[in-house]
Amino acid sequence: MKFMKLGSRPDTFITTEAVRSVNSEVTSDLIVQVKGSRYLLHKFPLLSKCSRLQKLCSESPETSQHQIVQLPDFPGGIEAFELCAKFCYGITITISAYNIVAARCAAEYLQMTEDVEKGNLIYKLDVFFNSCILSGWKDSIVTLQSTKSFPLWSEDLGITSRCIEAIASKVLAHPSKVNLSRSYSRRGDISCNDSESTRHNKTSSKSWWAEELAELSIDLYWRSMIAIKSGGKVAANVIGDALRIYASRWLPNISKYANPKKQLEYDQKDSDSIGKYRLLLESIITLLPAEKGAVSCSFLLKLLKAANILKASSSSKMELARRIGLQLEDATVNDLLIPCLSHTCDTIYDVDIVITILEQFMLQGQSPPTSPLRRKGDFERRRSRSAENIDLEFQESRRSSSASHSSKLKVAKLVDRYLQEISSDSNLPLSKFISIAEAIPEFARLDHDDLYRAIDIYLKGHPELNKSERKRLCRMLDCKKLSMEVCMHAAQNELLPLRVVVQVLFFEQARAAMSGGHVTELPSNIKALLEDTAKTSATFNKTPVDDQWTTASALKSPNSNLSTLKMKLAEDDDDLDEIGKSSRIKALCVIPNRPKRMFSKLWSNNRSAASQKN
């Protein structure tokens, strides 16, 4: 770093009985009181350079020996005052980026201007600041940091804004043009000579400046980043990397505030810390680049978790949800497990914010093409463009639609796995489970295996669900999109409504028949269920048994018969529509002898396939 030495006399300041004075043969005639400290000094060297002291001495009465001047609001305290006093006596002082702000504010307070004496302290400090401090990267940052101790003075003197402009200009310039060396001056005047030949190597990456700027307080960092962004030369992803570095520097320990039960016990110190972190987080959010992908989805979700812990404003959370929705396909399940810390929220995870994110994702309008693409020949009839450009436009439109469709497929998988993680929460309402599941369009789920697993976990974690709630939950399930393995599990799942079990069995047997019977042998208990259903068709018109919650295990009991099946399937026409009834299932409920023929035929096909296999 650069520094400047002024003066040539040795230091003669001494301390005697808590009073600072100058070791001199001349008797002191001025007492200066600075924030509780007393200085015994001489009028001539000080008043000849300090206009303010001249005015104060002229206004205060003289005593027999000493004239007393009080400076209670002196900027920089006794260190800055002593530095100015030593300059007046010609004692050697050293100015660097660490103390130039304090020295400049003190000199301004004492009015050490050129009007009082040529080559006064203010002039020398300004020359050093403009020619040396602002030309160095590290010096500019250190000086900017030191302005925090004198915010009003630094703003009025333009030190803060000048440092920010210098830093931004260096970031916008090519890294090779930035002076990042440490240099030292050994002259007794304003100079910036390099006494050290070894230069410290810096990374040549585009975000070489991010880690050093991360040491700034949030207000100075925010202003610096605004200046850098307004330059328009730094890529959005580089800005995003810098924000990530800053967040990891200042937001690593906020998890200790994540316990909602302890938040009532926080003292004033903790409350102040939360407020400071909240301001920091919301400032980072305002700096996020507008471009999609400038910051990772994982980083955005970490910010959202921090926003929940720190109780950030709803507008900040909404902004994060909007940005996350733009790139939700890049998220992971763990990223979406955001703890719910609200006293009004009983669930473990904040599912409301995930619903909001999904809504934002769907608002992008990334729907797959609903009409067939025109043939290349149709485009060639248009003569306003060349065939080559049309070809490129055609391919680009297909590529963008495909990417949009692909993102929805990824998000569908993500949502179903997320549902599996939160389904075991006993406080998760059915309505919210369904809202999350139904937020994904039907075409995006190529299979329903993960959705079935989530429903199964929810049923196990919520045994209090009544019959209509179970039906409502399972209505989203499409049995045609279940794999063989999942169908086997569903056929034996006692928690599923009967109609779902029947659908699973029917579609599995239909699939076996369509494949020519070459399928894996069904378990013996499922075979028995189908055979029992076929054998009991003769009792179809008997009075049904008591209307109770019927499951797959109930079908296996001796009292089970097809009259019960008919009643359960036909008890509500609207409910049949909800599960997407097919004409074959409808026939199962209407024609008395249809079940026996259908299941017997399907079962015979499967049995013959099994015998051929043996």
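Bear in mind the structure is a predicted one, so any value in this text is a computation, not a measurement. (Residues numbered from 1 in each chain as written. Predicted model: local features only at pLDDT ≥ 70, side-chain atom pairs only at ≥ 80, totals over all residues. Heavy atoms only, no water.)

K.L.:
Any chance you could break down the sheet that holds strand E6 (residues 67-70) for me, citing the residues and the numbers?
P.N.:
The mixed open sheet is built from 5 strands, whose spatial order is E2-E3-E5-E4-E6. The sheet terminates laterally at strand E2 (13-16) and E6, the two strands that pair on one side only. The average undirected angle you get between the axes of adjacent strands in this sheet is 25 degrees. Across the face of the sheet, helix H2 (residues 51-59) comes into contact with strand E4 (30-34) and E6 while running at roughly 125 degrees to E6. (Pairing = 2+ DSSP bridges. Helix = DSSP H or I, 4+ residues; strand = E, 2+ residues; numbered from the N terminus. Axes fitted to C-alpha atoms, helices over the stretch in contact; angles between N-to-C directions. Contact = heavy atoms within 4.5 Å.)

K.L.:
Quick one: what's the story with unusual backbone geometry, residue by residue and with numbers?
P.N.:
Backbone geometry at Lys-35 places phi at a positive 50 degrees, although glycine is not the residue there. With respect to the helices and strands, Lys-35 occurs in the loop between E4 and strand E5 (37-41). Even without glycine at this site, Gln-111 takes up a positive phi of about 60 degrees. Within the fold, Gln-111 resides in the loop between helix H4 (100-110) and helix H5 (121-133).

K.L.:
With reference to specific residues and values, describe the pairing of E6.
P.N.:
Residues Gln-67 and Val-69 line the buried face of E6, whereas the alternating positions Ile-68 and Gln-70 sit on a face that is not buried. Sheet analysis places E4 next to E6, joined by 4 bridges and oriented parallel. Bridging from a neighbouring strand, Ile-31 pairs with Ile-68 of E6. (Buried < 20%, exposed > 50% of the residue type's maximum accessible area, 1.4 Å probe, protein only.)

K.L.:
Hey, could you go over the state of the cysteines for me, with residue numbers and the actual values?
P.N.:
With the rule as written, the count across this model stands at 0 disulfides. Free cysteine Cys-57: the closest other cysteine sulfur is in Cys-50, separated by 9.9 Å. Residue classification places Cys-57 among the buried residues on the basis of a relative accessible area of 8%. (Disulfide = S-S within 2.5 Å.)

K.L.:
Please give an account of H2 that cites residues and values.
P.N.:
Helical geometry note: an α-helix holds 3.6 residues per turn, so side chains three or four residues apart project in the same direction. For H2, every residue scored as buried is listed here: Ser-51, Leu-53 and Cys-57. Projection of H2 onto a plane perpendicular to its axis shows the buried side chains occupying an angular sector of 160 degrees, all on one side. Elements that come into contact with the buried residues of H2 comprise E4, helix H1 (43-47), E6 and H4. (Arc of directions from axis to C-beta.)

K.L.:
Give a detailed account of the packing of helix H6 (residues 137-146) against helix H8 (residues 159-172), specifying residues and quantitative values.
P.N.:
Remark: H6 packs on H8, axes separated minimally by 9 Å, with the N-to-C direction vectors making an angle of 145 degrees. Judged by the twist between their axes, the crossing of H6 over H8 is left-handed. Residues Trp-137, Ser-140, Ile-141, Thr-143 and Leu-144 of H6 pack against Ile-159, Thr-160, Cys-163, Ile-164, Ala-166, Ile-167, Lys-170 and Val-171 of H8. Looking at the contact of H6 with H8 residue by residue, the class counts come to 9 nonpolar, 3 polar and 1 charged. (Left-handed = near helix turned anticlockwise from the far one by under 90°. Nonpolar A, V, L, I, M, F, W, Y, C, P; charged D, E, K, R; others polar.)

K.L.:
Tell me about the packing of aromatic side chains, residues and numbers included.
P.N.:
Under the definition given, this model contains 10 aromatic pairs. On the numbers, 4.9 Å between centres and 45 degrees between planes, the contact of Phe-433 with Tyr-458 is tilted. With Phe-433 in helix H19 (residues 430-438) and Tyr-458 in helix H20 (residues 449-461), this residue pair connects regions lying 25 residues apart in the sequence. This pair shows no difference in class: Phe-433 is buried, exactly as Tyr-458 is. Measuring from centroid to centroid gives 5.6 Å for Phe-506 and Phe-507, while their planes differ by 75 degrees, and the two rings are edge-to-face. An aromatic cluster is built from Tyr-39, Phe-74, Phe-81, Tyr-109 and Trp-153, whose rings are joined through pairwise contacts. In this structure, Arg-52 packs its charged tip against the face of Tyr-109, placed 4.0 Å from the ring centre. Positioned above the aromatic ring of Tyr-277 is the side chain of Lys-276, whose terminal nitrogen or guanidinium carbon lies 5.1 Å from the ring centre. (Phe/Tyr/Trp six-rings, centres within 6.5 Å; stacked < 30°, edge-to-face > 60°. Lys NZ or Arg CZ within 6 Å of the ring centre and 35° of its normal.)

K.L.:
An account of the pattern of salt bridges is requested, with residue identities and associated values reported.
P.N.:
Per the counting criterion, the structure on display carries 21 salt bridges. Here Lys-2 and Asp-139 are joined by a salt bridge, their closest N and O atoms 3.8 Å apart. One end of the pair, Lys-2, is in the segment before strand E1 (3-6); the other, Asp-139, is in helix H6, and 137 residues separate them in sequence. The same class applies to Lys-2 and to Asp-139, which are both buried. A salt bridge links Glu-82 to Arg-20; its shortest N-O distance comes to 2.4 Å. (Salt bridge = Lys/Arg side-chain N within 4 Å of Asp/Glu carboxyl O.)

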